[in-house]
Structures are given as C-alpha cells and as structure tokens.
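For reference, the chains in residue letters:
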Amino acid sequence: MESWSNPAFRNTQGSITAPTRREAFQIHPDSDISTRTSWSNAKVGLSEIKKGRAEGNKPALWMRMHMQRHLYHLGCFIHQHAGKVLFVGLLLLSTFCVGLKSAVLETNINTLWVEAGGRLSEELQYQQQQLGPGAGSTSQMLIQTPKRRGANVLTRDALLVHLKAAMLATQVEVTMYDITWKLKDLCAATSPPTFGDYNMDNILERLFPCVIVGPLDCFWEGSKLLGPWQPLSVPQYSGSLQWTQLSPQKLLAMMEATVSFPQATALKNFLLQAGITSGYQEKPCLDPTDPDCPASAPNKLTAEEPDIGAQLTGGCHGFAAKYMHWPEELLIGGAQKNKTGHVVHAEALQTMVQLMGEQNFYEFYQDHYKVHHFEWTVDKAKLILEAWQDQFTQEVQEVLAVADGNGSSTQNVYAFASDTSLQRILARFSDVSFTRVGLGYLLMLLYACVSLLRWTDAVRSQSGIAMMGVLLVAIAIAAGLGLCSLLGIPFNAITTQVIPFLALGLGVDDMFMLAHTFSELASNTAVPEQAQIGEGLKRVGVCVVMASLSNTLAFFVAAVIPIPALRAFCLQAAVLTLFNMAAMLFLFPAVVSIDMRRRSARRLDVFCCFSASASDAVLELKKGTLDDCRKQYDLPKKILARALPGTQQCETILAPMDLEAQLQDFEVMSAVQETCSSSMQQLTDDERRPLRDRCAETQRECCSFSITWFACEVYGPFLEKTWVKLTIVLMFLMLIAGATWGITQVDDGLEVTDLVPRHTTEYEFLAARSEYFDFYYMFAVTQGNYDYPKHQQLLYSYQDAFTRIGSIIKNDDGGLPDFWLGMFRDWLIKLQQAFDRDWRDGCIVQQKWYANASNDAILAYKLLVQTGDVDNPVSKVQVNTVRLVDGHGFIYQKAFYNYLTAWASHDVLAYATSMASLVPAPRIWHHEGHTDYELRIPKSSALTYTQLPFYLHNMADTKDIMSVIEEARAICDKYEEKGLPNFVTGVPFTFWEQYMHLRYYMMVALAVTTIITFLVIAVILMNPWLAAIVMFVIVSMVMELFGLMGLMGIKLSAIPAVVLIIGVGIGVEFTVHISMGFVTSIGSRNRRMCMTLTHMMAPVVHGAISTLLGVLMLAFSEFDFIVRYFFYTLGLLVLLGVLNGLVFLPVLLSVLGPPGELTPTDDPNRIHCPTPEPSPPRDRAPAARSYSRRVYPRANSDISLSTITEEPQSYQSSHEIIVEPEVVVTTTYPNSSRQQQQQHTSSSTNNTPTPPPRHVTTVTAKTMVKVEVHTPLPGQVLEHKESSQKHRRRRDNTTPPGGVKISEMTDSDSSSK
C-alpha cells in the first residue's frame, strides 16, 4: 500500500515516524474492524456504543482499549528502533546467562524430597545436629534370585553361590592415599571390652569380626566370612585361630589352663553374657564333605544335606547369639511355609555387610597412625567408602558374567550400596544430556521453519523469523536459569531433565500466535507497513500476556507443595515463563520488523542475500466480478468526499489505488474464466502452456490446504450442526464420568525402580528388593529436656506402645526386643546379684572387698557407693541401703549417669548392638579388678538423644507404609503430651510421609490456582461469564488427566501433583485464545464460533504441536521416572488441551457462550463502517493564515452526483450530508496480459508500446456516503490565527476548522456492461 493512504504514518525523508496518541487508534480500512471490532480496535467499539449504533460490554472495551493503546505504542517503538531493541535485549539476556556459572546442583535425597520446614525436616535436622552428617552405618547389600522365576533358592547349590558372592566382599581391596583399605578397615565391627592385658586385648580386637547379616549364619559356612584374614597366634595354642575352627569356650578353657591370665573369669563372663560359646562349630554344614567341616557339626558324620528351610525358620544368629538375631524376613524373600510354620520354599536370599558411615569412619581414624601422612577429612573418608563399594559391585558383576558365559549359572546376584548407589544414581540422573537437549531444540527449529514456510512464496515466507523465535526462546531459557542461579534456587534432576523441554514448548506457543497474527497483517494491504508491528501487538498481545500470567501464577502456586525438589522446579518454571513472555513481547517483534524490510526489498526468506525475480510473481484470479477480486485481496473500495468552499455542495472522488486499477483491468478476463487460474494460464492455450507452469500450478494446488482453510470451510460448519453438538456433549460427559471413576483408582506412592534406568543391575536389585524384601529399619528417638532417670517408667511404656503396630517384628513371645534401657537394667541386675552373693559369703563388707570377691561384685560395690553428687561423689554408707535396681525395676536415679558410664565401658557388645546412639556419648571408665581401689566413677552428661530400634516388614504397599506412619505418629503425639519429647525416623518416614498431606496440599493449590486464573481472565476480559466457562473446561481437563493417570497405573506423588497444578495454567493456552476470539467477534453464537476457529485454530494447533515436541524428547530418557511421570502426564495434558480447547469449548460457547463485547443494533453481523480520524494538518510557515488540507490525486473517472440531501443541523459545530453518487468508470484492457504485466512491472524501459485495441466497460455503482462537515465555533478562527505558532503541536492532534471526516463505504451494487 502506498504511504499516502495513511497520512498519520507519512514517511518523511526516509525515516520512520513515531505515532501520536491519536494515531495509536487510527482506523485502518481493515475487514476485522467491521466483524471483530474489539479485537482490532476496542476504541471503535466504544465509539459505536456512544453513538447508539451498538450495545456491548463497555468495561471490557475500556480495559482493552487502554491495553491496546500501550501495546500499540510498544510495537511502534520497537518497529522504529528494531535494531537497538534487539541488541539491548540480547545483551541483557546474555548478562543473565553468566549467572549459570554459579548454579548449584543438589543431589542429596533427604534435602530434595523431605518436606521443607515441616515436622520431618525439623526432626532430621535435629538428628543430624546430634549425630553429625554421615553418622551411623551403611550397608553393602547382596540379593540373589533364581534365573527361572518361581524356582526355589533353598538348595545347597544356591546357598553356595551366595557364599561365593559374599566372600568377594571379604577380599575386596582399594588403594587410595598410599593406603590399602580392606573390609576390616571399613566395616562396622563390634569392639570387645578391654581387660588391661595388651596381648589379650589385641587378640580380641582382631578376632572380633565384621557384622555380616545373612542366611549363611545358620550354617557353618557362615564362619568363612568372619576371618580373621591375617595370621593370628595365641601362646600354647597350635591351631589356626579362625572362626572356621574356633570354639571360644574351648579356647578360653585352654588359656586358663596354660596361660596366666588374671582377667580370664571376666572374659568368660563377658562371652557367656554375649552368647559367644561354641561359635559356628555346632552348626550344620551345607557341604558335609568339605574337609574343613568340623566334626562337631550335626551332619558331619551322616553327610546328609541339612534341611535348609527348617534352619532358616525363625531367622539366624550371628557369632554373638544373644545380641545378634537376624529376623527371617531379613534373610529370605517370597517364603512359603507349611502347616507347622516351617519354611519350605523361598525365591530370594539377602546378605548385608555393615560398613561405617562416613562420619564414624572419619572419627575412627582421626588419630590413627595410618592417616598421619596426609590431611584426613570427612570427604576423603566418603571417597574411600564409595571406591570400596564400587569395587565390590564391579567384582560381583565380573564373576557372575564369567559364570553366565560358561552357562553354569542358574542364579542372579545383585550388589547394591544402600546409600551410595542411590546418591550416585541421582547424581547421574541430574546430569544434563546435551545431546538430547540439542536434538530437542533442533527438532523444534525444524518444525517451526516448516510450519511457517510458504512453499509458493519465498518472499512472504516466515521460516527466518521462526528460526529466530526458537533461538530467542532458547536464550531466554538460559537467561532465566541464570537468574535462578543468582537467586540461590538450586538445580536438581527435574530441572536438568525437564525444564529445558517444557519451557521450550511453552515459549514457542506465544511465538506461533504472534507469527500468525503478523502474517495476517502482512497480507492485509489495508494496514500500513509502519503500523503492522503495533497492530500485531495490539491484537494478540493481550492473549499472550493473559496466557503467560496464568502459567506463571500456576507455577508459583504449585510451589506451595513443600517438597524442595518440586518447589525449585516450579519457581524456575515461573521465572522462565516470564522471560519467555518478555522475549516474545519485546524481542520477537523486533525480529519481525527487521524481516519486514527484507520483504519490502523482495529478498528470499532465510537466504536474504538473494532477491526474488519479478517474473516469478503470479497473480491468482477467480471467476466473478470486481467485488470478488476485491474481497480476495481485502481491498475495499474507497470514496473520498469533501465540502466545497463557500457552497452547500459536496465533491466525491474515488481514491486512487494501483491494485484497484489492476483488478479493474483484469475483470473481464476473470468473468470469462470457469475456474480460478493464473494470469498466464488465462491468456495461453492449455496445450501450449509450458511444463514449468503446469508444475507450478499443481504445486500451488497441493499447498493451498491450511489449518485456517480447514477451520473455515470444513470444521466450523461441521460443529454448527445440532447432532454434532449433541454427540460432542455426550462424549465429554462420558469422558468426565470415566475420569471421575479413574480418580478413585489413583493410588499414592512412587516406585523406587522408576528412579533408575531399566536393564541395569541397580534396577534389577531394587525390583527384587521391592518384590521380596519389604523390610525397613525404624527408630523411635527421644530428645533432650527430659529427666531420663526420674521417668524411666514412661520410657518402658513408650517402647511397649509400639507393640500395637502390626508391621513391627516381634519376639517369639510376641513382645519387642529389649532397648538400651532394658539392657542397661539387666546388666545392673546381674551385678547386683553377684554383689548379694559375695555379701552373703562375706567376700565384701561395707568398707572393702576381699581377694575372694568376684570381679562383678567388686564392680557392683563401686557402683553402689556412687551418690551422683559432684561434691560428695562416694558414700560407703549406702552400700547396704541402696539397690542398683529397685524392686519396681528402675535404676537408682541419683547415680543413673555414673552407672551409664560403667555400662557403656564394660558391656560394650550390648551397648553396640542396642543401636542406642546415646548423645552425648557416655564417658569411658575401666574397672581394673581387685587391685583397682579407685571408687569414683565419672558421671556422664545428661542425655539429649537416644534411639529405640524396630524392624518393619510387610511394607510393600504405600497404604501399608502410610498406615504404619499414622500409627507411629499417633504414639509419638500421645507421649509428647505426657512430657516425653520424641519422634520416629527411618526410610519410610523420610520418603513416604509426604503422602500424608500430599492430597491436601494439591487440592489447596488447585483451588488457589483455579481462583487466581479465573480472576485474571475475568479482570482482563471483564467477563465473569466467559471466565467461568473457561475455568469449567480447564477443571474438566485436569479431572480427565487425573482420571487417566489412574487408568494408566500412574501413582500420585509430588510430581504428578505438580503437573496437575500447572495443568491449570497450561490449559489457558488452549482455551483463552478461542474464548477471546469468540467474545470479540460480532454475530450469532455459531457465527462467532466459526470466526474464532478460523482465526485461532491454526496458532493453537501449532502451539500444541510445539509443546508436544518440546516434551517429546523426554520419551527418550533412560529413566522411567522421566518417561512415566513427565512425558506421559505432560503429553496427555497437551492432547486433552487440544481436545477440550478445539472440540468441547467451541461447542460449549456456541450453546452457552456469553454475548459478544459489541452487538450492532441494526446489522447483527457487522458494524457500520467507522468514521476515520481526520487527517492531521501539515505544519505551515508562520506567515500562513489560511488552512489547507491535503489534496489527494483524483482517479481517472467521471463522477456524477445524482442526489444530495442535507440532514438538519443537529449541532452547531457540524453538518451531516448524505451523498448518493453514481459512478461511471471506463476501463481499457489490452489483448495481451503479458504486455499489461510488463507495463505494470517494468520501470526501466523508455520505449512506448504500440497502443493495443481497447475494450470499454462501464461500471455503474450506487453508494450512500455519510459526510460529517465540521465548522468552527464563533471566535475560534480568530483565536486560532493569533496562536497558530504557539500551539502548533496541539493543532496536530485536533481537527482543523472546516475539516472533513471521511467515511469509507463499500460498493452496494455493481454491474458490468
């Protein structure tokens, strides 16, 4: 379109002029003004309502008018400074990208998945504060299953395979920091008490083995795992000092007979108390033919295989039988029992090698000579433990691989480190797959280019801006993540695996919407090029802002779920959505503006260095009149009128327009054609047409299909049919009913196997453990600020309360194992009994003990004289008046912490196996025997942390685990009210307690998100009716997704909960554009439905496909966690969004939709052609006194005014004139269209062609033009003359005296002669 057609954007000396405030609403001759008024220009809609020619939603139009004005000014500013805006924007985004250097990747499971700021978080923090990070122990685990599913593993061969795998653990060595580390250096071994004899203490220290829990402890072969592996000799003992041949009782008897060992009695009592008697010498042998099998084995002489099931029934005992009892559920899985309760069949075996935790490992060697040559830290201790575990796992896999290669293996053995392997998997899970990210972005780039490519018009194609749009989204994502890093939001596995693809899909949605709108404006010659960027943002910017704000608010609200990993994910997604919105509103229009200059220069898309050939331009014509051609090119005929000075007459002319004349020239040719064809085809015989032209025509016909054409010609009319609407409504009612039923089938939980890749040993191990070994540790923790000595009864009652939890493993008598206080009490009772015997026998008196007194009695005497008073610690008077344990079973309160010191130092095996983890740790004190006359025993500090261990089983299902959590928490709350500060901890509480309140948090977040989204839509559109319909569709979509999750077996965890919450925001992308197009159109509900589908279906479909492509790469993740919980759910969300947004919503709007924002009073389908704004006058020299207006060149036509009527004067300042002109146009057509085309396109030739024969066509048109002539008020001209120079700028924004408002009307009747 020529620049003069819109004076408000006249180009002065080649520069782009910025629009004034009034020019922001300059009415362009655009068809959308008549049928989609509030979409194109809300101010026109308000003007129609004020004139009484329409009714409508004035608040909505007022709101959009102001938003459109700001967006229009923004677009014009961007167009005027496109290069600068793009440069500054990219510079800012690049600056934020630098923040990625400070990104922190969090892989700690407890930190990521424990409820932030909740009860569990505080409890774990307290536990870590008391015990220190990395305290406790960790396990290297072995699980064995048969290769043939369902086979029995209770065979000798299967157990011998298990023994071979377990033996590898005893032989693994790693060399780090110039030290060779073995199992004995790392394992959690029990330490014997010291007896004051260096040689004996050294022998016992080396003889006490690592704690290995497994089914082999039921057989003699279990002793092969205990060592010791270094030669160990005892004086006067010729045998090998290894557990395979060791009988502790016999060894002690030999030492008493041959070696002078004063503490032999104390050692003997210690061994008896711990149940260390014959060791493994009296246990049956799996292989009685083994030469090392001892003769004392029950099946050695008979050489019969033992009844393995009977031996494993009830569990096994370690080398210290009293304290080391391994429950049956911990050793075998898939057990089947006979009527007598004996195990007859099992499908899995499990062995656990107990290792020190990193903190304990560090503290154990902190002052050891082995680490004096380098700086010993907790991190180095952790690295050594991880290296050893990796080496063990690798050697197990190698041995089994060799066996599998030989075909001799019938068993699967999986090695797994309980903590290290999970942490390492999560760390690997958190690594960014740059290959997958690159392929995903490349796929999106290709789709964007292909979808916006115009195959038949390389100049108007938009592949270049599609590429730049995807790149802008990518840069915005990187910048947003950089800002998140600067804000301290940590990255995690979900961030690295999901965010890049999800943000890409959502960001490209807005790009398609903007590109589609700019493409429509580029093909609309009624909108000047200078105004296209502003017009584009004015029309679609409101939708982009509304959808982006809804997504952002949804992500922010989803952060209410107090899981740190998901909270970080939601916050990062919200920030990225804002960055994508900014990139689309500021930078992408700048790219389009630059691309417009390429189109103006007729350069090829993408390959902008090449210009398009003029001979390639083909003009398409259709059969019909000039009216049809005008509608095809969206060029309404213009009639300009002005009042003649000094008269009451009006002069009317036709506006000159090059394409108008061109269409007139070709009208006759168009009328004689039967089908739409090209100008070359119409003037050339079909037989003589070149093959190139035929191929080009075929290509154009093949490429003519588009989503817009489909929506306008096929889909929209199809949805108008009544039976189609009924079918769709019934279909969606059935879908919602099925979804409601599916919601009831959704279970809570998260499969641990989903966290690891399939077809790996880690996955196989976790799958086997989940199937066969539903066994967990649980600890009841008591805290400080509690008087333990005074309230012992409450502690016993507290422990006894857990008996009611059915999943806790009980003793054979149905009770619970003793905890530390009970063991402490039992030890004191035995000492009291020894003291009472010696007191009766006279071996001990009030003032002293004699040589014949037993060691235990002497120790009891020292305990009895303790007063617990720091100033007066010892009192012999109370020897026969105080009891260590009173008749009620309570320890003497005043000396409680003195007794605790003695128990922890002398009954070390009981203290270690109690797993009490007392904090502060009891002080160390040793009783040296008869010759030690020191009576004072140091007093330990008051306890602030203790543990009561429990074993849980039958915990395979989330419901069972949550039931245990509820019961345990109820006990804790009950005793909290009684004054005992306590809590429970363990793996079930760490990972499953989040499900206790997950549904509550999810429902709250969904409700808040729904309300906020409703308010955003209702406020921006000022239409609660429409907002309610939109939210109904979105809520239905979320319900459908929730129900399909249940039907697909996807359990509800924090991740699907987040997807459901953000589904509200993403659903806005599929509904708000359709809804806004519906409410801004004019006409009946069916007509508005078809119009909104015509204009909005294409960008919505492209946006849906782009979002689906964005999450498509998640399907190729090696982690089922990503595929199942993100790809499936997000993919379903997109498909449901398309189904609801493009099928259900249009039907619902056509039935129950609100009225349009603008409803004309006379014509229900369009408004009157609006009156354009008066053209602003030119600036004149100061001496000028008269007012001139721009004179537009006249068209070469004869105009006759048949009738002119003047309406009565309604206002003093204006006259309205009704003009009914009759127009006669004479048109000439050359015989050759090629000659005419050459005359049109060639400007360099100087030769005048020979005038061809001419054909005369007379077109008679009648039209009614309403002209408003404004006259100045009295005195206005004089005042204006006096201040013409002072107020020149104001005059540019006001109507000059005598100015004319020009109305644009289309032809009402046309005939050809």
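Everything discussed here concerns the structure shown above.
All values derive from a computational prediction rather than experimental measurement.

Visitor: I tried to follow a nonpolar patch on the surface on my own but got confused; where do I start?
Guide: A cluster of nonpolar residues, F87, V88, L91 and L92, forms a patch on the protein surface that exposes about 410 Å² of accessible area. Within the secondary structure, L91 sits in helix α5 (residues 82–97). Note on L91: relative accessible area 48%, which makes it partly exposed.

Visitor: Where do I start with the environment of Y861 in this structure?
Guide: Tracing the sequence through the fold places Y861 in helix α34 (residues 855–864). Distance from Y861 to L831, taken between C-alpha atoms, is 8.9 Å for residues 30 residues apart in sequence.

Visitor: Where do I start with the pattern of salt bridges in this structure?
Guide: In the structure shown here, the tally under the stated rule is 22 salt bridges. Of the charged contacts in the structure, one is a salt bridge between D973 and R119, with a shortest N-O distance of 3.1 Å. Here D973, found in helix α37 (residues 958–977), pairs with R119, found in helix α7 (residues 119–131); they are 854 residues apart in sequence, far enough to count as distant. Among the ionic pairs, D826 bridges to R825, the shortest N-O distance being 3.8 Å.

Visitor: Explain the pairing of strand β18 (residues 945–952) here, please?
Guide: Successive residues of a regular strand alternate their side chains across the two faces of the sheet. Of all eight residues that make up β18, eight are buried, and the element is covered over most of its length. Burial of β18 is two-sided: the residues Y945, Q947, P949 and Y951 facing one way and the residues T946, L948, F950 and L952 facing the other way are all buried. Both strand β17 (residues 776–783) and β18 contribute to a ladder of eight bridges, which runs antiparallel. The residue of β18 that forms the bridge with V781 is Q947.

Visitor: Can you walk me through the packing of aromatic side chains in this structure?
Guide: The way to describe two aromatic rings as a pair is by their centre distance and the angle between their planes. If you walk through the whole model with that rule in mind, you get 45 aromatic pairs. Here the aromatic rings of F569 and F1126 are separated by 6.0 Å at their centres, their planes lie at 65 degrees, and the arrangement is edge-to-face. Of the two residues, F569 is situated in helix α23 (residues 564–600) and F1126 in helix α43 (residues 1120–1152); the sequence distance between them amounts to 557 residues. F569 sits in the buried class, given a relative accessible area of 1%. For F1126, a relative accessible area of 2% corresponds to the buried category. When the centroid spacing of 5.4 Å and the interplanar angle of 75 degrees are considered together, the rings of Y798 and Y975 count as edge-to-face. Taken together, the residues Y798 in helix α32 (residues 792–801) and Y975 in helix α37 connect sequence positions 177 residues apart.

Cut-offs and rules
Residues numbered from 1 in each chain as written. Predicted model: local features only at pLDDT ≥ 70, side-chain atom pairs only at ≥ 80, totals over all residues. Heavy atoms only, no water. Patch = residues over 30% accessible without salt bridge, like charges linked within 9 Å, V, L, I, M, F, W, Y side chains within 5 Å. Areas by Shrake-Rupley, 256 points an atom, 1.4 Å probe, with all protein chains shown as cover. Salt bridge = Lys/Arg side-chain N within 4 Å of Asp/Glu carboxyl O. Helix = DSSP H or I, 4+ residues; strand = E, 2+ residues; numbered from the N terminus. Buried < 20%, exposed > 50% of the residue type's maximum accessible area, 1.4 Å probe, protein only. Pairing = 2+ DSSP bridges. Phe/Tyr/Trp six-rings, centres within 6.5 Å; stacked < 30°, edge-to-face > 60°.

Remember, this is a structural readout, not a statement about activity or role.
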